Every structure is written in structure tokens, then in C-alpha cells.
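# What the coordinates show
Residue strings, one per chain:
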Amino acid sequence: MDFLRNLFSRTLGLGPGEKVLDELTLEGVARYIQSDMCKNIICMVGAGISTSAGIPDFRSPGTGLYANLQKYNLPYPEAIFQIDYFKRHPEPFFALAKELYPGQFKPTVCHYFIRMLRDKGLLRRCYSQNIDTLERVAGLGDGDLVEAHGTFYTSHCLSFLCRQEYSLDWMKEKIFSDDIPKCDKCSGLVKPDIVFFGENLPGRFFTSMTTDFPQCDLLIIMGTSLQVQPFASLVGRVPKNTPRLLINMEKTGESDFLSGMLGLGGGLDFDSDKAYRDVAHISTCDDGCLALAALLGWKDELEELVKREHTLIDSKNKKEKGESASETPSATDKAAPTEDAEKSQKTE
């Protein structure tokens, strides 16, 4: 077996790289981040970074999104995100969208940890599978993000000859009035720019990964099962000596048996005698980020950032609710005539 492994490694250039972490632990990762060698960090994130905000992930047994879709009478759970099914039956998706619509949730500790990496000049890019826009709410901009599975931030008419674009506010108004969004221009069906099964990923995903991943000094993977391609394959696109940290409730993304035996592929390797760069921190994403922040000396700063930003969001939401309430007369206001009106009626 060693002969085959060495043969494949030499022939295909898939042998192990240089070990740069002094130990395969969270402490080792923290020391590496503080060194001069770590300047370009890429984060790969999935639904697990948003669960503490109240948004369910997809695959957790019992609590995941796919386990709780019975009320929509779908032929199978994934149909709610199938483009062909959506075109015939858009009602289930928009009913679900109303429950999970962006703007009802606040970013998590994990979202703000990623922002801190950006603010400290360490974040190369955040590649997200999420469609909840919480990375944007936390302060990441277009240049910081690759929304691999699209976003609710914009929507488009599905008509090939139209493709009219619509804003987040336009789509929100339609969804919360229980209307199926139809194009103002051609009456075609309008869909948020999230990637359904059967659709291509955004072009930016492919153009960015070719330039980002070869420059990556540290890959941090959080809250994803690494089961959906081509997103999952990104773990194998970093240089062979680049450390990879997984913060998740369970280990995932590991090489299959054959690839592991032959030393092939880019799958994660935490436990074999050949492991040299991959670290698994088994915890919630928030707890993992807090633990890493503590090791970096950033914990107080991170907690203060979360507190400050959540206060601002609460204040903004309260103000918007107040303005909305003042624009809508109450039943009492409509029923009770004013004193001047009563005098006018008596005069008449």
C-alpha cells in the first residue's frame, strides 16, 4: 500500500505538503494566525453558523429544515428547492420564505467573528452556502463575500426575454402580503436570486475561487456538512501546506476510504497517521469562534462588537415598527371622532 501511495503521489503530485502548524489543535491554529505567515484567510460557511439566530439548518434529524416540511405536501423534501417544481408549484417555497425571510434574524457570534477577520485585514473572502443575508447584516460587503448558493438580496423575473431585477424590499412586500411575486413588466414568475437544484451557481463563484484559493494561508470551515458539490470540493483547492480548521458539531469532509488509503484527493484528514494540517474543533460555531477569539486575545472585542451591533439592530427594528404603527390608524382612531369633529357635527 505504501508503494501505491508513493506512486500515485509522485505521478499526480498529490503528496502531503509541509507542516506549518506547531500542533494540530485550536491553540496551534491561533499561534499560526498570530504569525507573519497567515495573511489570507478564507472562510467556508454553511447553515450551521445561523442556527443560533433561530434559522434551522437543512439536514439535522428532527430539527433540520428538510425534516419539518410535511405541511407543504411535497413529493420529497428537496422539491421545495427544485427549479422545475418551483415553476409549477411556487406556493410552498414562498410560504417557507415568509417564515425564514431575511430581516427577522440577527447575525451570530460566528458572523461577527468573520467580520473581525475582515476588519483586521486577514479575510481574503467568505464563501457562504447561506441565503439568509446575515453575512451582509453583520457588515460584510460585496467584495468580502461569495454567495455560492445565491441570495435573497436581489430577485429576477424568470422569463428569459425579460429578466427584470427586483429589490429585497419589493420581494418582501410580495411575500408578506401572501402574493405570488409576478413581474411588473411581463407578469412572469419572479424568484429570489438563490440557487435552486437544477440551476447553475453564480459565475462569480467560479471566477473568484480560481484566484482566491491558491493564495489561501488558512481555510476555516464552519457549520457545513460539506455534502453539496461543487461547494464541498473547495476544501481541496488550497495549497497542500495550507492548514484547514473545521468548527462544526461533527467531523465532516473526510476522504473516502480508497482516497484515504492512497493519499489522494483534498478530503480532510484529522485522525490518520498521515494527518499534518487539518484540525477539527467539535462545538457549536459560536462557541468555537469564541474559543479561537479567546486564544487570539480578541474575545472581549468580539463580545462587545456583538452587543453593540445587536443593540443597533434592535433600535432600528423598534424605530421601523414605530413608524409603521404611526402610519396605520388604529381601530380606536378610526372609530372615535375628534372634539372638533363633534362640534362640527352639532353645528350642522
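Here's a quick rundown of the structure. (Residues numbered from 1 in each chain as written. Predicted model: local features only at pLDDT ≥ 70, side-chain atom pairs only at ≥ 80, totals over all residues. Heavy atoms only, no water.)

### What to know about helix α2 (residues 26-33)
Most of α2 is tucked away: 6 of the 8 residues are buried. Of the positions making up α2, those classed as buried are Leu 26, Gly 28, Val 29, Ala 30, Tyr 32 and Ile 33. In this structure, the buried side of α2 is in contact with β1 (41-45), β7 (218-222), β8 (244-248), β9 (278-282) and α10 (285-296). (Buried < 20%, exposed > 50% of the residue type's maximum accessible area, 1.4 Å probe, protein only. Helix = DSSP H or I, 4+ residues; strand = E, 2+ residues; numbered from the N terminus. Contact = heavy atoms within 4.5 Å.)

### Quick look at the sheet that holds strand β3 (residues 145-147)
An order of β3-β2-β1-β7-β8-β9 is seen for the 6 strands of this open sheet, with the pairing classed as parallel. At either end of the open sheet lies a strand with only one pairing partner, and these are β3 and β9. Here the average twist between neighbouring strands, direction ignored, is 15 degrees. Of the strand pairs in this sheet, β1 and β7 are connected by 5 bridges, and their pairing is parallel. Paired with Val 45 across the bridge in β7 is Met 222. (Pairing = 2+ DSSP bridges. Axes fitted to C-alpha atoms, helices over the stretch in contact; angles between N-to-C directions.)

### Considerations on unusual backbone geometry
The linkage connecting Gln 229 with the following residue, Pro 230, adopts the cis geometry, with an omega of 5 degrees. Within the secondary structure, Pro 230 is located in the loop between β7 and β8. One non-glycine residue with positive phi stands out, namely Ser 187, at about 70 degrees. For Ser 187, the position within the fold is in the loop between α7 (168-176) and β6 (190-194).

### Structural notes on the packing of aromatic side chains
Ring pairs (aromatic) are described by centroid distance and by the angle formed between their planes. Taken as a whole, this structure holds 13 aromatic pairs when the rule is applied. Between the aromatic rings of Phe 86 and Phe 196, the centroid separation amounts to 5.2 Å while the plane-to-plane angle is 75 degrees, which identifies the pairing as edge-to-face. Placement of Phe 86 in helix α3 (residues 83-88) and of Phe 196 in the loop between β6 and α8 (203-212) is noted, with a sequence separation of 110 residues between them. Accessibility assignment for this pair places Phe 86 and Phe 196 in one class, buried. (Phe/Tyr/Trp six-rings, centres within 6.5 Å; stacked < 30°, edge-to-face > 60°.)

### What to know about α10
A rise of 1.5 Å per residue sets the reference length of α10, with its 12 residues, at 16 Å; its end C-alpha atoms lie 16 Å apart and thus fit the reference within 8%. For α10, every residue scored as buried is listed here: Cys 285, Asp 286, Gly 288, Cys 289, Leu 290, Leu 292, Ala 293 and Leu 296. (Expected span 1.5 Å × (residues − 1).)

### Quick look at the environment of Lys 307
Residue placement: Lys 307 occurs in helix α11 (residues 299-327). For Lys 307, a relative accessible area of 58% puts it in the exposed group. Considering only alpha carbons, one finds Lys 307 and Val 109, 198 residues apart in sequence, at a separation of 9.6 Å.

### Some words on the pattern of salt bridges
The final tally for this structure, using the stated rule, is 16 salt bridges. For Arg 31, the salt bridge identified is with Glu 23, shortest N-O distance 3.0 Å. Taking relative accessible area as the criterion, Glu 23 reaches 32% and is therefore assigned partly exposed. In this structure, the salt-bridge partner of Asp 212 is Arg 124, at a minimum N-O distance of 2.9 Å. One end of the pair, Asp 212, is in helix α8; the other, Arg 124, is in strand β2 (residues 123-128), and 88 residues separate them in sequence. The buried category is assigned to Asp 212, whose relative accessible area is 0%. Exposure remark for Arg 124: the relative accessible area of 24% places this residue in the partly exposed category. Salt bridges here are not isolated pairs; linked through shared partners, they connect Arg 115, Arg 118, Asp 119, Asp 144 and Glu 309. (Salt bridge = Lys/Arg side-chain N within 4 Å of Asp/Glu carboxyl O.)

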